[in-house]
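Spelled out, the chains give:
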Amino acid sequence: GWLYRSIIISTAWQGGNHHLHNINNMNFVHRILKSSSASSSPTVHKLVQSELQHAKLIYFGEFHGESRIISFQTQLVKELTKCYASVAAASANNNSGSEKTDGDGPTLHLIMEHFSQDMQPILDRYQDTFHREPTEQQDEEENKAFEELVTSYNEQYGTEGHNLHPYRGLLQFCRESTANVSGSGSQGCKVKLHGGFIPRNQAARLNKEEYATKQEFFQEMSSKGYLPKEGEPMHHALFEKTGAESQMLRGSREHQLLIQSLMSGVDIYSPVENEEDIDGANENEKESRISRLYQAQLLKDHAMGYKIASLMIDHAIAGKADKYMVITGLGHLKHYTGVPDCVHGYLRQEALLNSNVQHRNVALDLLLSLNRPPIKSSVQRPSFSGIGSTLIGCQMMYEVYLEETYPPMVEAAAKAEDNEMEEDVKRKLLNDLYLRNPDLLDQYILNAEAVRGPLLQYSDGLAGFQRPCADFLFVYDEDDENEIDKAVLEEAELSGNNTQKCPFHHGKANENVDAKAETIEAYERVGQTAGLRGNAARAKAIMTYLGYTDSDLEYVAADIFNFQGVANPHTVANIQRGECVLDIGSGLGIDSFLAARNCGADMCNKDDVSEAPFVVGVDIAQSEVNHAMARAIDRGLVVPDRIRFIRGDVEKLNDALAKANLATDNLFDVCVSNGAFCLVPDKQKAFENVFKALRPGGRMAISTTTVSDPKQLDPSFEWPVCVKMFANLDELQAMCEGIGFKNVQIYDAESPLEGMELPADDEVVDSSDSSDKRFKIHGKYSDQYEFLQ
């Protein structure tokens, strides 16, 4: 993945009085890294417009009380409410009331860890007592209301222990939003505050010997509404299947390792040989210290997950098109473990077991929606309700350790007494890097161990996480004294320091890493815009020229504009009925869907217990995997028994198959690939892995771009990294035969598209908003490579 940049004009922290105000007056060093793609946005407004507005549910993992994070949250909520109000108004005009909103306008439900669920009365009172007054009286009224909230929080309850003063600006905006909308008849968006966790004093009783059995404790918590009651469908998601008698809360190995690492500092992102060296990693150590601490953490996560799932179901049944944002400590959300996992678990059981058909359907719709990345509704029929979920995390800049890696800082430290830079020198160097060369700052951040592991290499370590630590990682300079003058920042912006450049040109040693990273970031962006309609006429023309038949095109149908490839491997793969097929670089799924038709997997029903046929698509971009999986479901294919898509790297194919609980050897009859091998740095390793995955007598059909002589690439040109990765045509046959392939045939042909007249682009987009456009690989850096024409 690469980066998502955003300039955030943040709230000032006024020392001593704990107030957050003057929200547009402070600027500080920060980056927003996007785990899956490279893109940039100059403002939070653009971040919301292009990404976050489409989400049904936004998780925000914070460090409590940090002023710069809270200022980001506050501005984010403000921008979301503006955007939601606009979209809801358009939705109301187009849907003629088919989507209801709460009261006079749409509602953003803000569920916060800082308030326990039993504090809902004081939150309701705080929001419901707002009245618009003259300015001076308004300030006095706001101060009084906030102080009453704090007093009730600390004295009437006194259980949670958070300092609410840093959140004052956020809470006051939520209060004002309710008054601005309620009873006005407008389509403005209000923010409804909710307590999220089980009360801390109640949670502390879990591991105390107050009860004859833990069952008594859980029954009491259920009776108070913090957890589902026995007999309810959601109760089936509360405990481990094997732990009903011992009352062990349901969790996961990955989540437990994450919690352990947060407490002990254990590295879970680097591979280890012996898991037993990790305390608590052994499945049998259910009563270990780590296990008890983990159960206490899980209790909070389950309470919040139950709260969120119940809210969403209730609102959806009532026909409300509301949206949701959760603010809690990052440890409760990281890698979509904890609270997100509990939300999914409760929705899943509701969808499976509720006796009410409407409840089951609503829960299933929510479950499928939250398993997707945010997807934009159509331009013709905008919808406020939203699809998908996303996760925002936070990281302090000091953990990047620039002073140990950035040469000017290293040099400055070497010259300083005791190798300690003066703070003002460090600030100047950091600010200069941020203002003048943000792309270089991005690279240093991504190469930092604290970022690279959780964000980019999350699946490689002991825990083997399925998703990155966050979809967006807010990396901020925690130095409250380091403020950048607004005029200086604006001047830097006008000088064009944020123009997009081709990343990763570090020299020969890093070419393989560079190519793979560039491939991931580009195709992640393709996957995220794949839901937008493309040019079907052009795609049809290209596929026809490449040898796809009319029946192929008819079968592909609505997916046609998502074709990706350089040729047609099916013409030589000759897939037969009953065969098992591996698709390397499956992309958005078209060749996998055709393979499913050819092998008969699309004719199987869910009750068919035979082992074959089936299709497995492997792709390096998670967003493409998500899109292809969603389309397979939409097309009525049996997922995952007959077709599935998994994230994986062909150079580590064994790992990808193993994580999907598939055999790593002798599993497939045929392997197809259309274009993926163009961008694989280590071709030898990739072919070896394909050979291992094929059964004896199996075959592969690989379509890939080659160069006849890599030495002819003029070294004086800065060639795109991908071009340097193209295979040497003269080496391919010997390479494959050396691995063990027999009857290797290479069909060498110039592209049939040379000089072809393609239909004009028929995409209909709003040219004023680039977020409406499908991302296309070719042309991303075209302005820099015009000399290659």
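Residues numbered from 1 in each chain as written. Predicted model: local features only at pLDDT ≥ 70, side-chain atom pairs only at ≥ 80, totals over all residues. Heavy atoms only, no water.

### Description of the overall build of the protein
The condition is simple: For the purposes of this entry, the term helix denotes a DSSP run of H or I that reaches at least four residues, the term strand denotes a run of E that reaches at least two, and both are numbered from the N terminus. Should any heavy atoms of two residues lie within 4.5 Å, those residues are considered in contact. Accessible areas in this description were obtained via Shrake-Rupley with a 1.4 Å probe; residue shielding takes into account the shown protein chains only.
The helix and strand tally for the protein stands at 27 helices and 18 strands. Across the protein, the fraction of contacts at a sequence separation of at least 24, relative to all contacts at a separation of at least 6, is 76%. With an accessible surface of roughly 35,100 Å², the protein has 47% of that area assigned to carbon and sulfur atoms.

### Some points on the nonpolar core
To keep things clear, this is the line we draw: Buried Ala, Val, Leu, Ile, Met, Phe, Trp, Tyr and Cys residues that are joined via side-chain atoms within 4.5 Å together make up what is termed a nonpolar core. A 1.4 Å probe rolled over the protein chains alone gives each residue an accessible area, and that area as a share of the maximum for its type sets the label: buried under 20%, exposed over 50%, partly exposed in between.
Among the nonpolar cores identified, the biggest contains 73 residues, and Tyr 59 and Leu 299 are the most heavily contacted of them. Considering each element in turn, this core owes the most residues, 11 residues, to helix H9 (residues 289-317). Leaving out residues up to four positions away in the same chain, Tyr 59 has contacts with Val 326, Leu 333, Tyr 336, Val 339, Pro 340, Val 343, Ser 389, Thr 390, Leu 391 and Ile 392. Counting 48 residues, the second-largest nonpolar core is a separate cluster that includes Phe 60, Tyr 84, Tyr 153 and Cys 174.

### Regarding the pattern of salt bridges
Pairing between side chains of opposite charge can happen when the charged atoms of each approach one another. Put simply, the rule is: Definition used for salt bridges: Asp or Glu carboxyl oxygen within 4 Å of a side-chain nitrogen of Lys or Arg.
Counted by the stated rule, this structure contains 21 salt bridges. Arg 372 serves as the salt-bridge partner of Asp 634, at 3.7 Å between the closest nitrogen and oxygen. Residue Asp 634 is found in helix H23 (residues 622-634), and its partner Arg 372 is found in the loop between helix H11 (357-370) and strand S10 (389-396); the two are separated by 262 residues along the sequence. Assessed through its relative accessible area of 47%, Asp 634 is described here as partly exposed. Here Glu 403 makes a salt bridge to Lys 426, at a shortest N to O gap of 3.7 Å. Remark: Lys 426 occurs in helix H14 (residues 423-436) and Glu 403 occurs in helix H12 (residues 402-405); sequence separation between them is 23 residues. Residue classification places Lys 426 among the partly exposed positions, given a relative accessible area of 25%. Through salt bridges that share partners, Arg 372, Asp 559, Arg 631, Asp 634 and Arg 635 make up one connected network.

### With respect to a nonpolar patch on the surface
Definition in use: Each patch is built from residues lacking any salt bridge and having more than 30% relative accessible area; the joining distance is 9 Å for like charges and 5 Å for nonpolar side chains (Val, Leu, Ile, Met, Phe, Trp, Tyr).
A contiguous nonpolar patch, built from Leu 364, Leu 368 and Ile 633 and spanning about 230 Å² of accessible area, is present on the exposed surface. Looking at the secondary structure, you find Ile 633 in helix H23. Of the residues examined, Ile 633 reaches a relative accessible area of 40% and is grouped as partly exposed.

### Describing the sheet that holds strand S4 (residues 30-34)
Where strands meet in a sheet, backbone hydrogen bonds hold them as pairs that are either parallel or antiparallel. Rule in force here: DSSP bridges decide pairing: two strands pair if at least two such bridges lie between them. Between N-to-C directions, angles span 0 to 180 degrees; the directions come from axes that are lines fitted to C-alpha atoms, helices contributing only their stretch in contact.
The mixed open sheet is built from 7 strands, whose spatial order is S4-S11-S10-S6-S9-S7-S8. The open sheet has two free edges, formed respectively by S4 and strand S8 (190-197), since each of these has just one partner strand. Strand after strand, the sheet turns through a mean of 20° between neighbouring axes, direction not considered. As defined by bridge partners, strand S6 (residues 57-62) adjoins strand S9 (residues 323-329) across 6 bridges and the pair is classed as parallel.

### Description of the side chain of His 255
Assignment of secondary structure puts His 255 in helix H8 (residues 253-264). Beyond its immediate stretch of four places on either side in the chain, His 255 contacts Tyr 294, Leu 298, Asp 301, Gly 331, Thr 337 and Gly 338.

### As for the confidence of the model for the protein
Spelled out, the test is: A residue's pLDDT is the confidence the predictor assigns to it, expressed on a 0 to 100 scale.
Averaged over the protein, the pLDDT score is 81; the fraction of residues at 70 or greater is 77%. Within the model, the stretch residues 1-26 combines pLDDT values under 50 with 117 contacts to residues more than four positions away or in other chains. Every residue in residues 498-509 scores below 50 in pLDDT, and together they form 35 contacts with partners more than four places removed in sequence or on other chains.

### Let's talk about the sheet that holds strand S16 (residues 694-703)
The parallel open sheet is built from 5 strands, whose spatial order is S14-S13-S12-S15-S16. The sheet is open, and its two borders are formed by strand S14 (643-647) and S16, each paired with just one other strand. Put simply, the sheet's adjacent strands are angled 20° from each other on average, direction ignored. Pairing geometry for strand S12 (residues 580-584) and strand S15 (residues 668-674), over 4 bridges, is parallel. If you follow Leu 582 over to S15, its bridge partner there is Cys 671.

### Examining empty space enclosed by the protein
The condition is simple: Residues are said to line a cavity or pocket when one of their atoms sits within 4 Å of a point; the points come from a 1 Å grid over protein atoms alone, cavities being sets where a 1.4 Å probe fits but cannot get out and pockets being open sets with protein on both sides within 12 Å along at least five of seven lines. Grid points are joined across faces, edges and corners, and a volume is the space filled by probe spheres set on the points. The residue classification treats Ala, Val, Leu, Ile, Met, Phe, Trp, Tyr, Cys and Pro as nonpolar and Asp, Glu, Lys and Arg as charged. All others, Gly included, are polar.
Applying the stated rule across the entire model yields 2 cavities of 30 Å³ or more. By volume, the second largest cavity is sized at about 30 Å³. If you trace the second largest cavity, you find it lined by Arg 250, Gly 251, Ser 252, His 255, Tyr 294, Leu 298, Gly 338, Asp 341 and Cys 342. Among the secondary structure elements, those contributing two or more residues to the lining of the second largest cavity are H9 and helix H10 (339-353). Residue composition of the lining of the second largest cavity, grouped by class: 3 nonpolar, 4 polar and 2 charged.

### Focus on the packing of helix H25 (residues 683-693) against helix H27 (residues 729-739)
So the rule is basically this: Angles are sorted into four bins: roughly parallel if under 35 degrees, roughly antiparallel if over 145, roughly perpendicular if 65 to 115, and oblique for all others. Helix crossings get a hand from a simple test, with the near helix turned counterclockwise from the far one by less than a right angle marking a left-handed crossing and a clockwise turn marking a right-handed one.
Here H25 crosses H27 at 45°, and the two axes come no closer than 10 Å. As summarised for this structure, H25 and H27 are arranged oblique, according to the angle between their axes. Crossing geometry of H25 relative to H27 is assigned as right-handed. Only Leu 732, Met 735, Cys 736 and Ile 739 of H27 make contact with H25, whose side of the interface consists of Lys 683, Gln 684, Phe 687, Glu 688 and Phe 691. Taken together, the residues that form the contact of H25 with H27 break down as 6 nonpolar, 1 polar and 2 charged.

### A look at unusual backbone geometry
Of the consecutive residues Ala 612 and Pro 613, the connecting peptide bond is found in the cis state with omega at 0°. Relative to the helices and strands, Pro 613 resides in the loop between helix H22 (590-599) and strand S13 (614-619). The phi dihedral of Asn 666 falls on the positive side, at around 55°, and the residue is not glycine. Among the structural elements, Asn 666 can be located in the loop between helix H24 (653-659) and S15. Relative accessible area serves as the criterion here: at 46%, Asn 666 is assigned to the partly exposed category. Phi is positive for Asn 743, which is not a glycine, with a value near 55°. The residue Asn 743 is located in the segment after H27 in this model.

### Thoughts on a negative patch on the surface
For clarity, the threshold we go by: When charges are counted, neither His nor the chain ends are considered; positive counts come from Lys and Arg and negative counts from Asp and Glu. Where a charge sits is defined by one atom per residue type, namely NZ (Lys), CZ (Arg), CG (Asp) or CD (Glu).
Residues Glu 417, Asp 418, Glu 420, Glu 422, Glu 423 and Asp 424 make up a contiguous surface patch of negative charge. With respect to the element layout, Glu 417 can be found in the loop between helix H13 (407-415) and H14.

### Observations concerning the packing of H8 against H9
In a packed pair of helices, the relevant descriptors are the angle between the two axes and the axis-to-axis distance. Where H8 meets H9, the axes come as close as 10 Å, and the angle between the chain directions of the two elements is 110°. Compared by their axis directions, H8 and H9 come out roughly perpendicular. Along the contact surface, H8 presents His 255, Gln 256, Ile 259, Gln 260 and Met 263, while H9 presents Ile 290, Ser 291, Leu 293, Tyr 294, Gln 297, Leu 298 and Asp 301. By residue class, the composition of the contact of H8 with H9 is 6 nonpolar, 5 polar and 1 charged.

### Description of the side chain of Glu 350
Among the secondary structure elements, Glu 350 is positioned in helix H10. Among buried Asp, Glu, Lys and Arg side chains, Glu 350 stands out as unpaired, with Arg 360 the closest opposite charge at 9.5 Å.

### Looking at helix H7 (residues 214-223)
Worth spelling out the cut-off: By construction, the arc corresponds to the directions joining the helix axis to the C-beta atoms.
Where H7 is concerned, the buried positions are Phe 217, Phe 218, Met 221 and Ser 222. Taken down its axis, H7 places every buried residue within 135° of arc, on the same side. Looking at the buried residues of H7, the elements they touch are helix H6 (200-203) and H9. In the stretch just after H7, Gly 225 is the one whose phi turns positive, near 90°.

### Some details on the environment of His 235
Note on placement: His 235 falls in the loop between H7 and H8. For the pair formed by His 235 and Tyr 306, sequence separation is 71 residues and the distance between their alpha carbons is 9.6 Å. Beyond its immediate chain neighbours, meaning those up to four positions away, His 235 contacts Pro 228, Lys 229 and Glu 230.

### Considering H11
The line we're drawing: Working rule for helices: expected span equals 1.5 Å times residues minus one. Polar contact is the term for a pair of N or O atoms within 3.5 Å; when the atoms are in protein, one must be able to donate a hydrogen and the other to accept it, and sequence-neighboring residues count only if both atoms are side-chain atoms.
With 14 residues, H11 should cover 20 Å at 1.5 Å per step; its first-to-last C-alpha distance of 20 Å lies within 8% of that length. Those residues of H11 not exposed but buried are Val 362, Ala 363, Leu 366, Leu 367, Ser 369 and Leu 370. All buried residues of H11 project into a common sector of 165° when viewed along the axis, lining one side. Where H11 is buried, its residues meet S6, H9, H10 and S10. The residue sitting at the N-terminus of H11 and contributing the capping side-chain oxygen is Asn 356; that oxygen lies 2.8 Å from the backbone nitrogen of Gln 358.

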